[in-house]
Amino acid sequence: MLAMKVLSLVIYYNGKPHLPKESKEKSCNSSLSVCFQYYIDNNVLIVYNVYVFTSHQKKGARGFVKILISNTSDTPLYQQIKDQIKDAILKEELVEGDALPSIRAFANDLKVSVLTIRRVYEELEQEGFIVSQVGIGTFVSTSNLELLRDSKRRLVEQKMADMIQTAKSLKISKEELNSMMDILYEED
Amino acid sequence: MNDILTVSGLNKSYGDFSLKDVTFSLPEGCITGFIGVNGAGKTTTLRTLLGLTNKLSGKIQFFGLDMDKNEREIKDRIGIVLDGGGFYEELSLDEMKVIISSAYTSWSEQDFKRYMDMFSLDPKQKINSLSKGMRMKYALALALSHNAELLIMDEPTSGLDPLVRGQLLKILTEYMENGGKGVFFSTHITSDLDKIADMLIMIDNGRIVFREEKDTLLDTYRIVKGDSGALTTDARKLFLSISETDFGFTGITKQISEVRSYIPNIMVERPTIEDIMLGNIGGER
């Protein structure tokens, strides 16, 4: 049994934090899915589906991976799922050899089509993050470390590009930006 | 990935209703929902596919085999659940089973008993004593007891309460997990499909409107709510359908980015399959 519980999920809407008004939980042996519903100003209904599964490991279960699917995001469903699995691998929440759920089990738990999960797994395999063995299952494969390192750098570079663009539009200089980064990096 | 069923150029006429050039395919390994309003042509399409009624023209292939040439072999591999069931009312469930099971080469008495138990059906009961829900369960028990690769069902959940509907959906999921290659069922109860469908095919007035992955549909369409005053003539063209009240409008669109550029203050939500179906019904502007 999964010995954990997702207590709550605070979301920020227009800069203000909101707690969920309702939540529905469903758990089975190795996964837990919770659906949180938020009412903003008694109006907007935002739904987040949080899905948590343990990666089966030789050393014993560890590494909880959470997948959040938002119903108000413009990003396609398969992209949301794929990005979060990739994220989990880059952050080493999922490591080499960890087993991912079967396509159908995953699709059922996330309430998406098997075709969507199939696409997620196919693309992740093409990009070298996972490997699937017919009849056995799908596993995380970080054997291509170069690729992994590149992806990590690319992720940060993307965020940096966004940050620089915002700074430039607000007329914040490179020096200011650097000193801001020095302060914030020490903070965590 | 092979297609488990391909239909091309299917035409059929019934007096004042006809199927026009119906063309679609079902990918293997998927649960496909066939949606449309009453009278759109769902039952006619399914009956024609199964050879229960004649077609004017068109090609139908199951498992890569042509229906015109391999009807017997194909039917052996398909499990069907049709509205009403087509059973002999005076027979008992057991007697009816004897007739039906003899038509199939891979009948599994073990599976049949298991389903009869699961559904709490008494084999000695007469068919005319069954409620609607029990009838569907009986038909399902028969359909699942001859190692069918494909399940085809016509409105299996209409008239059933939510509990029974939930049970059916669970059985379909298990069927797919245990070697079933596909399920094709028609329905106008779209909330069932929200939960279980992988692919959706919509028919309206005898024509196929779309054949699309469920998640792609949910990613492409958006429900937009906003102020009626902000709806210019140009903005209206971006919607498939709009409903307006004194308090604002609700519309469904496939062009959400354009809508955002025309109307700044809007609330955007993902649609349900029902929204998508209603937005695609002819003449709904």
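Predicted model, so just to flag it, every value in this text is computed and none were measured. The numbering scheme is per chain: residues are counted from 1 as the chain's sequence reads. Here the convention is simple: chains get letters from A, ligands get numbers from 1, in the order in which they are written. Side-chain atom pairs in this predicted model are given and counted only at pLDDT of 80 or more, local residue features only at pLDDT of at least 70, and totals for whole chains, interfaces and linings cover all residues. Water and hydrogen atoms were dropped before computing side-chain values, which therefore reflect all heavy atoms in the structure.

We now examine the overall build of chain A. Only DSSP runs of H or I reaching four residues or more are called helices, and only runs of E reaching two or more are called strands; each is numbered from the N terminus. For chain A, the count of helices and strands is 5 helices and 9 strands. Reading chain A from its N end, one meets helices and strands in the order β-β-β-β-β-β-α-β-α-α-β-β-α-α. The buried share of chain A, reckoned over its 188 residues, is 38%. The contact definition used throughout considers only heavy atoms, calling two residues in contact when any of these lie within 4.5 Å. Long-range pairs, those at least 24 residues apart, make up 44% of the contacts in chain A with a sequence separation of at least 6. Accessible surface, chain A as shown: approximately 11,700 Å² in total, 53% of it carbon and sulfur. Exposure categories follow from relative accessible area, calculated using a 1.4 Å probe and restricted to protein chains: below 20% of the type maximum is buried, above 50% is exposed, and the middle band is partly exposed. Accessible areas in this description were obtained via Shrake-Rupley with a 1.4 Å probe; residue shielding takes into account the shown protein chains only.

The next subject is the packing of helix H4 (residues 109-118) of chain B against helix H5 (residues 132-143) of chain B. Residues and elements named next belong to chain B. Relative to each other, H4 and H5 sit at 160°, their axes nearing to 9 Å. As summarised for this structure, H4 and H5 are arranged roughly antiparallel, according to the angle between their axes. Here the hand of the crossing between H4 and H5 comes out right-handed. Across the interface between the two elements, Phe112, Tyr115 and Met116 of H4 pack against Tyr138, Ala141 and Leu142 of H5. Residue classes follow a fixed rule: Ala, Val, Leu, Ile, Met, Phe, Trp, Tyr, Cys and Pro count as nonpolar, while Asp, Glu, Lys and Arg count as charged, and any other residue, Gly among them, counts as polar. Looking at side-chain class alone, the contact of H4 with H5 contains 6 nonpolar, no polar and no charged residues. Note on geometry: axes are lines fitted to C-alpha atoms, helical ones only across the stretch in contact, with angles between N-to-C directions running from 0 to 180 degrees. Roughly parallel covers angles under 35 degrees, roughly antiparallel covers those over 145, roughly perpendicular covers 65 to 115, and oblique covers all other angles. Should the near helix be turned anticlockwise from the far one by less than a right angle, the crossing is left-handed, and should it be turned clockwise, the crossing is right-handed.

Residues and elements named next belong to chain B. Between any two strands, at least two bridges found by DSSP are needed for them to pair. Read across the sheet, 4 strands follow the order S2-S1-S4-S5 without closing on themselves; strand pairing throughout is antiparallel. One side of each edge strand has no neighbouring strand; the edge strands of this open sheet are strand S2 (18-27) and strand S5 (65-66). Bridge count for strand S1 (residues 3-13) against S2 is 7 bridges, and the pairing is antiparallel. For Leu10, the partnering residue across the bridge sits in S2 and is Val22. Sheet strands touched by helix H1 (residues 42-49): S1, S2 and strand S4 (57-62). Its angle to S2, the strand with the most contacts, is close to 70°.

Looking now at helix H1 (residues 77-90) of chain A. Residue and element names in this part refer to chain A. Look at H1: 20 Å from first C-alpha to last across 14 residues, which is about the 20 Å you get at 1.5 Å a residue. The buried fraction of H1 is high, at 11 of 14 residues. Those residues of H1 that sit buried are Leu77, Tyr78, Gln80, Ile81, Lys82, Gln84, Ile85, Lys86, Ala88, Ile89 and Leu90. Looking one or two places after H1, you find Glu92, whose phi comes out positive at around 60°. A helix's residues, less one, multiplied by 1.5 Å, set its expected span.

A positive phi is found at Lys171(A), a non-glycine position, where the angle reads about 60°. Note on Lys171(A): relative accessible area 74%, which makes it exposed. Of note, the phi angle at Asn205(B) is positive, near 55°, even though the residue is not glycine. Relative to the helices and strands, Asn205(B) resides in the loop between strand S9 (199-204) and strand S10 (207-213). By relative accessible area, Asn205(B) is classed as exposed at 52%.

Residue and element names in this part refer to chain A. Each residue carries a pLDDT score, the predictor's own confidence in it, on a scale running from 0 to 100. Looking at chain A as a whole, its pLDDT mean stands at 80, while 85% of the residues score no less than 70. The element-level mean pLDDT for chain A is lowest in strand S6 (residues 62-70), coming to 70, with helix H3 (residues 114-126) highest at 93. Every residue in residues 58-62 is under pLDDT 50, and counting partners more than four places away or in other chains gives 5 contacts.

A pair of Phe, Tyr and Trp rings is counted when the ring centres sit within 6.5 Å of each other, with Trp represented by its six-membered ring. The angle between the planes then sorts it: under 30 degrees is stacked, over 60 is edge-to-face, the rest tilted. Tallied over the full model, the rule gives 9 aromatic pairs over all chains. When the ring of Phe24(B) is compared with that of Phe34(B), the centres are 6.0 Å apart and the planes differ by 40°; the resulting orientation is tilted. Linking Phe24(B) in strand S2 with Phe34(B) in strand S3 (residues 30-35), this pair joins segments that are 10 residues apart in sequence. Across the pair, exposure class does not vary: Phe24(B) and Phe34(B) are buried alike. Where Phe34(B) meets Phe184(B), the ring centres are 5.2 Å apart and the plane angle is 35°; that geometry is what we call tilted. On the criterion of sequence distance, the pair formed by Phe34(B) in strand S3 and Phe184(B) in strand S8 (residues 182-187) is long-range, its members being 150 residues apart. When its relative accessible area of 0% is taken as the criterion, Phe34(B) is described as buried. Take Phe184(B): its relative accessible area is 0%, and that puts it in the buried class. Taken together, Phe24(B), Phe34(B) and Phe184(B) form an aromatic cluster joined through their ring pairs. We call a charge positioned above a ring when the Lys NZ or Arg CZ atom is no farther than 6 Å from the ring centre and deviates by at most 35 degrees from the ring normal. Its guanidinium or amino end placed over the ring of Tyr78(A), Arg119(A) lies 5.2 Å from that ring's centre, counting from NZ or CZ.

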